Amino acid sequence: MEVYNFKLFRAFQPSFDEAGDEWKRRIFGVDYILLKGMQGGMLFLSRYGWPLADALRPRHWYVDGRFRETGQRLVGSTGSVYRMELPHRNSRGLPVVIKFNRFAQDAPVFYTIASQSEAADNIARGARFLSPFEEFGLLQDLRASHKTQPGRTPIWTQRPLAIYCPATRYPAWKLGRKENAYWRYDRALAADQRDQPEEKRVVYEWDRVYITLFNWVKGVDAQDAAESGVISDETMVKLSRNVNKELSERGFRVLDNKPRHIILRPHGRSGRPKAFRGQLPYALIDYELLERGE
Ligand SMILES: Nc1ncnc2c1ncn2[C@@H]1O[C@H](COP(=O)(O)OP(=O)(O)OP(=O)(O)O)[C@@H](O)[C@H]1O
Ligand SMILES: [Mg+2]
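Residues numbered from 1 in each chain as written. Chains lettered and ligands numbered in written order. Predicted model: local features only at pLDDT ≥ 70, side-chain atom pairs only at ≥ 80, totals over all residues. Heavy atoms only, no water.

## Description of the coordination of the magnesium ion (ligand 2)
At the metal site, the magnesium ion (ligand 2) is ligated by Asp286 (OD), Asp286 (OD) and Glu288 (OE), and these contacts range over 1.9 to 2.7 Å. No difference in accessibility class separates Asp286 from Glu288, as the two residues are buried. (Donors = N, O, S within 2.8 Å, 3.2 Å for Na, K, Ca; no water. Buried < 20%, exposed > 50% of the residue type's maximum accessible area, 1.4 Å probe, protein only.)

Below is the structure:
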């Protein structure tokens, strides 16, 4: 079992800013505290994940495939995505989403709400899964995008908590990655890391997996809501188009955006979604194909 340097944890867990600089990494604009395991596993904790570091320890969800044993695989996903409740000292539990990152794998874009021609253009251009660090970076930008546009409200998303890279090494074919895609990711990361001190520069471990952790968002996804009659199909399509519009107004788009990626927020005791000023409150999930739009 991996043993992490918990000197930082045990006695007194400093705030993110108080933690020693030697632990800090900045990657695509996101600040992390990096904990390295004795066997070489790497746990990158974001500012959202650091206060939850104790619960996010791989021993609680990764070791012995716990996420598979006690977690719940999320249907409706083409990837490997699990929901799991982690032990958390001041509450009943911390529900998280555990998602295996798919960078350098083929990106199957076969359903979008976008207009036909744009969809064809997207596919032709060759969608590309973001690396875990790129994903957290763009998500952070999306979460802050309203700040540069007066009168805009924030887009509700999951909080990016952590990125875990276990020490185990695999042959490329086992990871389903295209080796001829590596150079583009490496070049973008190297350019980003150029201003970091050499000993702190992060590189991709191409023979290892990367797993992203997000908080679970309470609610029902728009496809399930339509299928169970909570909303009409028409509302589902209108909502999805509206989400695309809100994204593009902020300079973003999701190539494979779909009703499954729109989590309708529960309201009141019934937990049913309720519109405010004609708009159903929602949270957007799944950022692996997020990109800056025109
Ligand atoms: N934070 C969350 N809160 C609620 N539901 C979630 C959350 N994350 C994922 N889900 C559910 O899990 C499903 C799969 O998640 P996600 O879309 O991230 O997986 P994926 O492998 O990227 O799927 P896709 O095939 O759409 O690319 C979603 O359709 C949604 O219903
Ligand atoms: Mg996806």
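## Description of the site of ligand 1
The immediate surroundings of ligand 1 are formed by 23 residues, with Thr78, Asp221, His261, Asp286 and Glu288 found nearest. With respect to ligand 1, the side chain of Asp221 contributes an N or O atom lying 2.7 Å from an oxygen atom. Asp256 places a polar side-chain atom, nitrogen or oxygen, 3.5 Å from an oxygen atom of ligand 1. Considering ligand 1 on its own, with 610 Å² of exposed area, one finds that the protein chains cover 96% of that surface. (Near = heavy atom within 4 Å. Polar contact = N/O pair within 3.5 Å; in protein donor to acceptor, adjacent residues only side chain to side chain. Areas by Shrake-Rupley, 256 points an atom, 1.4 Å probe, with all protein chains shown as cover.)

## Details of the packing of aromatic side chains
Within this structure, the stated rule accounts for 23 aromatic pairs. With a centroid separation of 6.4 Å and an interplanar angle of 85°, the aromatic rings of Tyr204 and Tyr210 are classed as edge-to-face. Owing to a relative accessible area of 6%, Tyr204 belongs among the buried residues under this scheme. Residue classification places Tyr210 among the buried residues on the basis of a relative accessible area of 1%. Through successive ring pairs, a cluster of aromatic residues spans Tyr32, Phe44, Phe103, Phe133, Phe136, Tyr182, Tyr185, Tyr204, Trp206, Tyr210, Phe214 and Tyr287. (Phe/Tyr/Trp six-rings, centres within 6.5 Å; stacked < 30°, edge-to-face > 60°.)

## Observations regarding the sheet that holds strand β12 (residues 282-284)
Taken in spatial order, the 3 strands of this open sheet run β9-β11-β12, and their pairing is antiparallel. Lying at the two open borders of the sheet, with one neighbouring strand each, are β9 (220-221) and β12. Here strand β11 (residues 262-264) pairs with β12 via 3 bridges, running antiparallel. Residue pairing for β12: Ile262 is matched across the bridge by Leu284. (Pairing = 2+ DSSP bridges. Helix = DSSP H or I, 4+ residues; strand = E, 2+ residues; numbered from the N terminus.)

## Looking at the pattern of salt bridges
Evaluated as defined, the whole model comprises 20 salt bridges. Close ionic contact of Asp21 with Lys200 constitutes a salt bridge, the shortest N to O distance being 3.2 Å. Of this pair, Asp21 sits in the segment before β1 (24-27) while Lys200 sits in the loop between α6 (182-193) and β8 (211-215), placing them 179 residues apart in sequence. Relative accessible area serves as the criterion here: at 53%, Asp21 is assigned to the exposed category. Across the salt bridge formed by Glu134 and Arg128, the nearest N and O atoms sit 3.0 Å from each other. Accessibility expressed as a relative area gives 28% for Arg128, which makes it partly exposed. In the salt-bridge network here, residues are joined through shared partners; they are Asp17, Arg26, Asp31 and Arg47. (Salt bridge = Lys/Arg side-chain N within 4 Å of Asp/Glu carboxyl O.)

## Some points on the environment of Gln72
Summarising the element assignment, Gln72 is placed in strand β4 (residues 72-73). Residues Gln72 and Tyr82, spaced 10 residues apart in sequence, show a C-alpha to C-alpha distance of 5.3 Å. If sequence neighbours within four positions are ignored, Gln72 has contacts with Phe67, Val81, Tyr82 and Arg83. (Contact = heavy atoms within 4.5 Å.)

## Digging into the nonpolar core
Counting residues in each nonpolar core, the largest one holds 51 residues, and the members touching the most others are Phe44, Phe133 and Leu284. In terms of residue count, the dominant contributor to this core is helix α4 (residues 132-144) (5 residues). Built from parts of two domains, this core gets at least three residues from each of domain 1 (6-216) and domain 2 (218-294). Once residues lying within four places of it in the same chain are set aside, the contact partners of Leu284 are Leu142, Ile155, Trp156, Thr157, Gln158, Val243, Leu247, Val254, Asn257 and His261. (Core = buried A, V, L, I, M, F, W, Y, C linked by side-chain atoms within 4.5 Å. Domains from an automatic or database assignment.)

## Quick notes on α6
Under the 1.5 Å per step criterion, the end-to-end length of α6 is 16 Å for 12 residues, consistent within 8% with the ideal 16 Å. Within the sequence span of α6, burial applies to Tyr182, Tyr185, Leu189 and Gln193. The arc that holds the buried residues of α6, viewed along the axis, is 75°, so those residues lie on one side. Summarising the contacts, the buried residues of α6 are in contact with β1, α4 and α5 (172-175). (Expected span 1.5 Å × (residues − 1). Arc of directions from axis to C-beta.)

## Examining the side chain of Arg208
Looking at the element boundaries, Arg208 is found in the loop between α6 and β8. Taking relative accessible area as the criterion, Arg208 reaches 4% and is therefore assigned buried. Within the local environment of Arg208, its side chain forms a polar contact with the backbone oxygen of Gly40, the two atoms lying 2.7 Å apart. In this structure Arg208 touches Gly40, Gly41, Met42, Cys165, Pro166, Ala167, Thr168, Arg169, Leu175 and Arg177, once residues within four positions along its chain are discounted.

## Observations concerning unusual backbone geometry
Positive phi is not limited to glycine here, since Asp64 has a value of about 55°. Phi is positive for Asp286, which is not a glycine, with a value near 65°. Within the element layout of this structure, Asp286 appears in the loop between β12 and β13 (290-292).

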